[in-house]
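# An overview of the molecular structure
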Amino acid sequence: MAEKMWAGRFAAAESKIAEEFNSSIAVDARMYREDIEGSMAHAAMLGAKQIISASDSALIIKTLGEILDDLDSGKIKPDESAEDIHMYVEAELTARIGEVGKRLHTARSRNDQVAVDLRLYLRRAVGEIRALLRENVEVLTKLADAHKQTIMPGYTHLQRAQPITFGHHLMAYVMMLIRDDGRLCDAVKRMNRSPLGACALAGTTYDTDREMTAKALGFDAPMLNSLDAVSDRDHCVELASAFAVLCMHLSRLAEEILLWSSSEFDFIELSDAFTTGSSIMPQKKNSDMAELIRGKTGRVYGNLIATLTMLKGLPLAYNKDMQEDKEAIFDSVDTVKMCLSVLAPMLDSMEVHPDVMYRAAQGGFINATDLADYLTKRGMPFRAAYKTVGQIVAYAIEHHVVLDEIPLETYQGYSELFCEDLYGEIKLETCVEKRKSLGGTSAAAFAAEYAYATDFLRGQGK
Ligand code: ARG
């Protein structure tokens with residue numbers, strides 16, 4: 001850039017290193033479209049309110065459209081020596097139409113401008129992320145439906161606990177992702193207010209129409225306090241937080257995928273397309289993508305903490321510290337997009353091993369609760385039944401058998417309530433099918449969660 005916008009006030013040029021330190025264009029250039037859209041709305045309002053002439057307004061809008069086309073097509077690139085994208089677009093405009101371009105910044109400041117740009121950018125980014133999130137819900141729901149009767153061990157403390165279906169297990173993640181979508185919508189609802197027209201901090205002496213620009217840019221309303229409008233970054237915090245929670249969910253699923261694909265579990269096998277080999281161990285098939293989803297969650301948490309910490313000591317209104325907001329939230333946006341983009345096809349292409357899951361469910365006495373329930377339903381108090389079954393489990397461990405293999409006479413030695421029908425009651429299929437309570441693991445209860453998920457996918461998420 002030849003001359004600084006503020007050259008009038010300054011005698012000496014800025015030091016090179018200070019200029020570099022101050023520059024944000026490498027980060028904010030990605031908002032060029034939003035910057036231009038915001039400027040077009042502003043120019044239209046200036047013209048409508050006769051703050052600038054109708055012909056100047058029209059020329060500014062037309063030229064901004066041309067600049068946008070040239071940036072989109074790659075014909076021009078944001079000048080890295082401009083301080084930020086706002087300075088760049090204005091300089092480009094002025095280079096094309098001279099004096100008229102210099103009228104655009106009337107009744108506006110970069111403080112409200114950057115606030116508008118970021119809200120518009122994030123609104124679009126959230127739309128893209130929600131579409132990716134939806135794809136993941138779709139893949140998980142489809143997979144869950146295909147496995148609503150696939151029996152596997154359910155775990156607590158990572159110890160085999162009770163039999164569940166693989167479909168029910170996957171559906172738990174669908175519920176998490178649907179809540180994540182709700183959090184994103186919620187944040188956007190509060191974010192979708194226009195700061196444009198708040199100017200530097202105090203509003204303006206011009207007779208502007210903030211309703212008009214808010215409407216043109218698709219905001220629900222203008223923000224009502226000019227100081228708040230230029231210094232509010234709650235939306236960055238809320239979105240960074242929603243992204244952190246979302247990544248926490250993805251990371252938990254990634255961790256399970258890693259466990260399940262290990263030889264020790266062998267419940268699933270990821271496709272070759274989503275695994276890597278080792279440079280030294282020829283037998284290895286590593287689940288790098290799942291590990292990266294888990295690993296990248298750390299930086300997404302970091303971005304939230306960085307933003308909260310950046311904001312906590314700031315007096316009103318705008319402070320340059322706030323320029324740091326974008327690097328953090330853009331990194332979270334990019335990371336979340338990547339994680340969601342890789343997860344859906346990875347899940348879609350993985351191979352499930354129902355036989356291995358079933359065998360695992362046969363070990364670990366995971367039908368012991370059902371055996372205790374058997375006694376309870378025949379009159380024994382639950383605590384007594386629990387103790388009796390504990391003794392039977394100890395017997396089974398000692399004799400290297402599972403509960404289904406113990407003879408009836410042995411059972412009757414522990415309690416006279418035991419009859420032949422106990423074997424049917426403790427079959428894994430029965431254990432799963434009988435858990436019909438709302439939200440339970442049976443195929444019957446699955447129907448409700450499946451309906452909830454398909455409802456969401458139809459765009460009627462509750
Ligand atoms: N690059 C700045 C940012 O991202 C734009 C706003 C600059 N405003 C100012 N008064 N220096 O925050």
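These notes cover the structure that comes with them.

What counts and what doesn't
- Residues numbered from 1 in each chain as written.
- Predicted model: local features only at pLDDT ≥ 70, side-chain atom pairs only at ≥ 80, totals over all residues.
- Heavy atoms only, no water.
- Helix = DSSP H or I, 4+ residues; strand = E, 2+ residues; numbered from the N terminus.
- Rg over C-alpha atoms; globule rule 2.2 N^0.38 Å.
- Buried < 20%, exposed > 50% of the residue type's maximum accessible area, 1.4 Å probe, protein only.
- Contact = heavy atoms within 4.5 Å.
- Areas by Shrake-Rupley, 256 points an atom, 1.4 Å probe, with all protein chains shown as cover.
- Lys, Arg positive; Asp, Glu negative; His and termini not counted.
- Charge placed at Lys NZ, Arg CZ, Asp CG, Glu CD.
- 1 Å grid on protein atoms, 1.4 Å probe; cavity = no way out; pocket = protein on both sides within 12 Å on 5 of 7 lines; lining within 4 Å.
- Points joined across faces, edges and corners; volume = space filled by probe spheres on them.
- Near = heavy atom within 4 Å.
- Polar contact = N/O pair within 3.5 Å; in protein donor to acceptor, adjacent residues only side chain to side chain.
- Nonpolar A, V, L, I, M, F, W, Y, C, P; charged D, E, K, R; others polar.
- Pairing = 2+ DSSP bridges.
- Salt bridge = Lys/Arg side-chain N within 4 Å of Asp/Glu carboxyl O.
- Expected span 1.5 Å × (residues − 1).

### Here we look at the overall build of the chain
Looking only at helices and strands, one finds 19 helices and six strands in the chain. Compactness check: the chain gives a C-alpha radius of gyration of 31 Å against a globular reference of 23 Å for 462 residues, more than 25% above the reference. For the chain, the spread of C-alpha atoms along the three principal axes comes to 100 × 50 × 40 Å. Relative to its full complement of 462 residues, the chain shows a buried share of 49%. Taking contacts inside the chain between residues at least 6 apart in sequence as the whole, the part at least 24 apart equals 74%. In the structure as shown, the chain presents an accessible area of about 22,100 Å², 54% of it carried by carbon and sulfur atoms. A gap of 3 Å separates the mean positions of the 51 positive and 68 negative side-chain charges of the chain.

### Here's the deal with the environment of glutamate 19
Structurally, glutamate 19 can be placed in helix α1 (residues 16-22). Distance from glutamate 19 to serine 81, taken between C-alpha atoms, is 8.8 Å for residues 62 residues apart in sequence. Excluding residues within four positions of it along the chain, glutamate 19 makes contact with Lys4 and Glu14.

### Considerations on the layout of surface pockets
Rolled over the atoms, a probe as big as a water molecule pinpoints where empty space is left. Space inside the largest pocket adds up to approximately 420 Å³. Contributing to the lining of the largest pocket are 16 residues, with Tyr155, His169, Tyr173, Arg252 and Glu256 lying nearest its centre. Among the secondary structure elements, those contributing two or more residues to the lining of the largest pocket are β1 (151-156), β2 (159-165), α7 (166-191) and α10 (234-260). The element contributing the most residues to the lining of the largest pocket is α7, with five residues.

### Some words on the site of the ligand
Lining the immediate surroundings of the ligand are Ser24, Asp28, Asp84, His86, Arg110, Asn111, Val114, Tyr318, Gln323 and Lys326. Contact between the ligand and aspartate 84: a nitrogen atom at 2.9 Å from a side-chain N or O atom of the residue. For the ligand, an oxygen atom lies 2.7 Å from a polar atom in the side chain of lysine 326. Relative to its free-state accessible area of 340 Å², the ligand is covered by the protein chains to the extent of 87%. With three residues, the top contributor of residues to the shell around the ligand is helix α6 (residues 110-146). Counted by class, the shell around the ligand contains two nonpolar, four polar and four charged residues.

### A few points about the pairing of β1
Sheet topology places β1 next to β2; six bridges connect them, and they run antiparallel. Following the sheet pairing, isoleucine 151 is matched in β2 by threonine 165. In this antiparallel pair of consecutive strands, β1 and β2, the connection spans two residues, and histidine 157 shows a positive phi of 55 degrees.

### Notes on the pattern of salt bridges
Enumeration over the complete set of coordinates arrives at 31 salt bridges. With a closest N to O distance of 3.1 Å, arginine 110 and glutamate 83 form a salt bridge. Of this pair, arginine 110 sits in helix α6 while glutamate 83 sits in the loop between α4 (54-73) and α5 (85-97), placing them 27 residues apart in sequence. Here arginine 110 makes a salt bridge to aspartate 84, at a shortest N to O gap of 2.6 Å. Here the residue arginine 110 occupies a position in helix α6, and aspartate 84 occupies one in the loop between α4 and α5, the gap between them amounting to 26 residues. On the basis of relative accessible area, arginine 110 is assigned to the partly exposed category, the value being 24%. Since its relative accessible area comes to 4%, aspartate 84 is described here as buried.

### Quick look at helix α3 (residues 32-48)
Between its first and last C-alpha atoms α3 spans 24 Å; for 17 residues at 1.5 Å apiece the expected length is 24 Å, and the two agree. Taking burial as the measure, the 17 residues of α3 include twelve buried ones, the bulk of the element. Among all positions of α3, only Tyr32, Glu34, Asp35, Ile36, Gly38, Ser39, Ala41, His42, Ala43, Met45, Leu46 and Gly47 are buried. Check the buried side of α3 and you find it contacts α2 (25-28), α4, α5, α6 and α8 (210-216). Where α3 terminates, the next one or two residues include glutamine 50, which has phi positive at roughly 55 degrees.

These figures come from the coordinates and say nothing about function on their own.
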